[in-house]
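Next come the chains, spelled out residue by residue.
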Amino acid sequence: MIIDLRSDTVTKPSPGMLQAMFDAKVGDDVFVEDPTVNQLETLCANMFGMEAAIFCPSGTMTNQIAIKCHTQPGDEVVCEKLSHIYQYEGGGIAFNAGCSVRLIDGDRGRVTARQVTESVNNKADVHKAQTTLVSLENTGNRGGGSCYDFEEFNKIKQVCAQQDLALHLDGARIFNAIVAKKENPLHYGQVFNSISVCLSKGLGAPVGSVLLGKKAFIAKARRIRKVFGGGMRQAGYLAAAGIYALSNNINRLANDHAHALAIGEALAKKDFALELLPVETNIVICNIGGRYTAASLAAEFKRHDILTIAIAPTQIRLVLHLDVTPAMVEKVIAVVEGL
Ligand SMILES: *Cc1c(COP(=O)(O)O)cnc(C)c1O
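What you see is a predicted model; the values in this text were computed from it and never measured.

S.K.: How would you explain the pattern of salt bridges if you had to name every residue and give the values?
M.R.: For the structure on display, the rule yields 16 salt bridges. Here D271 ties to R291 by a salt bridge, and the two come within 2.8 Å at their closest N and O atoms. On the criterion of sequence distance, the pair formed by D271 in the loop between α12 (253-268) and β9 (273-276) and R291 in the loop between β10 (283-288) and α13 (294-303) is long-range, its members being 20 residues apart. You can call D271 exposed: its relative accessible area is 54%. A single network of salt bridges, built from pairs that share partners, joins D107, R108, R110 and E280.

Structure (structure tokens):
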């Protein structure tokens, strides 16, 4: 038995999800005629109190479409230095949108309203790129599943409103934050101009992300999705998995959070665990030193059939998800205690 903690993207559809996919009614989504895709888009938009939504193949695509829609070539995008849109989307901000990036040195992936204010270029200065978009990430992946304090979102929103900036949220794991902080998704819809939500992470769908925004924004996004090659046809089979995930797999994220905390506590006791990032959701990131490097620790885990990732020479990451059972968590803890 392999315990795969490399990512929450490794989950496989459950029998119930597969049945929902099998039973889906489909049509051609490029003609906006797939009833199941339309249902998923409406469901997701309503959950966040946003006007409209568009289903896409990946979270990278929903982020990149949003950045392209909010900007003109030559503009500048403000984001945190560890953010997925900067670190893990292949330079897409430059490639797809022709924009430059202003990186903020934040706290575990999070930025403050004050840092945003300091990162906005003076619009009257012709030397400067025009800042048009601020992009935040919640939870923060490289921040170890860190969650924002919602009050900071409100403050950042104020800055964006004053400076006429769009505000995007990379909410790949937004439901982890909502469950952990007991938040109301409708509040997110009031703050952000666009939100990207992944169905293929901890929610357990095999494929897909949804981008949310106003009607006119989503109409533009539909055009960009086509240009990016993301117009799918009978995508209702995939959307059905997303509907199933949103209907069944949100509240159970709390189990993943409890599992992550238990594993984090076991790790923190080890002499080679130099610093455990606070475990707020389903991600455990630990700085490693002494007897192990991150790579040699990952290799040691692998000898016990536990897959992890050394995300940096000194950092190991373990991600909990719905295919990890309590028995598997017990085994991981036992292995950690024996190291
Ligand atoms: C996984 C992830 C994405 C999107 O990834 P895809 O693999 O393209 O779906 C975006 N942002 C964050 C923070 C992520 O963790």
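The discussion continues.
S.K.: Give me the lowdown on the nonpolar core, citing residues and values where you can.
M.R.: Of all hydrophobic cores here, the largest spans 52 residues; its most connected members are F48, L136, I156, F175, Y188 and I195. When neighbours within four sequence positions are excluded, I156 is seen to be in contact with V111, T112, A113, V116, V134, L136, Y148 and L167. In this structure, I288, V329, V332 and V335 belong to the second largest nonpolar core, which totals 28 residues.

S.K.: Quick one: what's the story with the site of the ligand, residue by residue and with numbers?
M.R.: In the vicinity of the ligand there are 13 residues, among which G59, T60, D170, R173 and K201 approach most closely. In this structure, H84 approaches the ligand through a side-chain N or O atom, which is 3.5 Å from a nitrogen atom. R173 places a polar side-chain atom, nitrogen or oxygen, 2.9 Å from an oxygen atom of the ligand. The element best represented in the shell around the ligand is helix α3 (residues 59-70), accounting for three residues. Partitioned by chemical class, the residues of the shell around the ligand number two nonpolar, six polar and five charged.

S.K.: Break down the packing of α3 against helix α10 (residues 215-227) for me, citing the residues and quoting the values.
M.R.: Helix-helix packing is characterised by the crossing angle of the two axes and by the distance between the axes. Between α3 and α10, the shortest axis-to-axis distance is 9 Å and the interhelical angle comes to 115°. Considering only the axes of α3 and α10, their crossing is right-handed. Mapping the contact onto sequence places M61, I65, A66, K68, C69 and H70 in α3 and F217, K220, A221, I224 and R225 in α10. Counted by class, the contact of α3 with α10 contains seven nonpolar, one polar and three charged residues.

S.K.: Any chance you could break down the layout of surface pockets for me, citing the residues and the numbers?
M.R.: Of the pockets and cavities examined, the largest pocket occupies roughly 190 Å³. Along the wall of the largest pocket there are 18 residues; nearest its centre are G59, T60, H84, C198 and K201. For the lining of the largest pocket, the per-class residue count stands at six nonpolar, nine polar and three charged.

S.K.: How would you sum up the side chain of K201? Please name residues and give values.
M.R.: As for its position among the elements, K201 is in the loop between β7 (194-198) and β8 (209-213). Although K201 is buried, it forms no salt bridge, and the closest oppositely charged side chain is D8 at an N-O distance of 5.3 Å.

S.K.: So what's going on with the environment of Y88? Which residues, and what values?
M.R.: In this fold, Y88 is placed in the loop between α4 (84-87) and α5 (92-97). The spacing of Y88 and A124 is 36 residues in sequence and 32 Å in space, taken between C-alpha atoms. If sequence neighbours within four positions are ignored, Y88 has contacts with S83 and R142. Here R142 takes part through its side chain, which lies 3.0 Å from a polar atom of the side chain of Y88.

S.K.: Now, about the packing of aromatic side chains: what can you tell me, with residues and values included?
M.R.: Applying the stated rule across the entire model yields eight aromatic pairs. Considering the side-chain rings of Y188 and F192, the 6.2 Å spacing of their centres and the 15° angle between planes classify their relative orientation as stacked. You'll find Y188 and F192 in the same group, each marked buried. Put simply, the rings of Y148, F150, F153, Y188 and F192 pair up and form one aromatic cluster.

Calculation notes
Residues numbered from 1 in each chain as written. Predicted model: local features only at pLDDT ≥ 70, side-chain atom pairs only at ≥ 80, totals over all residues. Heavy atoms only, no water. Salt bridge = Lys/Arg side-chain N within 4 Å of Asp/Glu carboxyl O. Helix = DSSP H or I, 4+ residues; strand = E, 2+ residues; numbered from the N terminus. Buried < 20%, exposed > 50% of the residue type's maximum accessible area, 1.4 Å probe, protein only. Core = buried A, V, L, I, M, F, W, Y, C linked by side-chain atoms within 4.5 Å. Contact = heavy atoms within 4.5 Å. Near = heavy atom within 4 Å. Polar contact = N/O pair within 3.5 Å; in protein donor to acceptor, adjacent residues only side chain to side chain. Nonpolar A, V, L, I, M, F, W, Y, C, P; charged D, E, K, R; others polar. Axes fitted to C-alpha atoms, helices over the stretch in contact; angles between N-to-C directions. Left-handed = near helix turned anticlockwise from the far one by under 90°. 1 Å grid on protein atoms, 1.4 Å probe; cavity = no way out; pocket = protein on both sides within 12 Å on 5 of 7 lines; lining within 4 Å. Points joined across faces, edges and corners; volume = space filled by probe spheres on them. Lys, Arg positive; Asp, Glu negative; His and termini not counted. Phe/Tyr/Trp six-rings, centres within 6.5 Å; stacked < 30°, edge-to-face > 60°.

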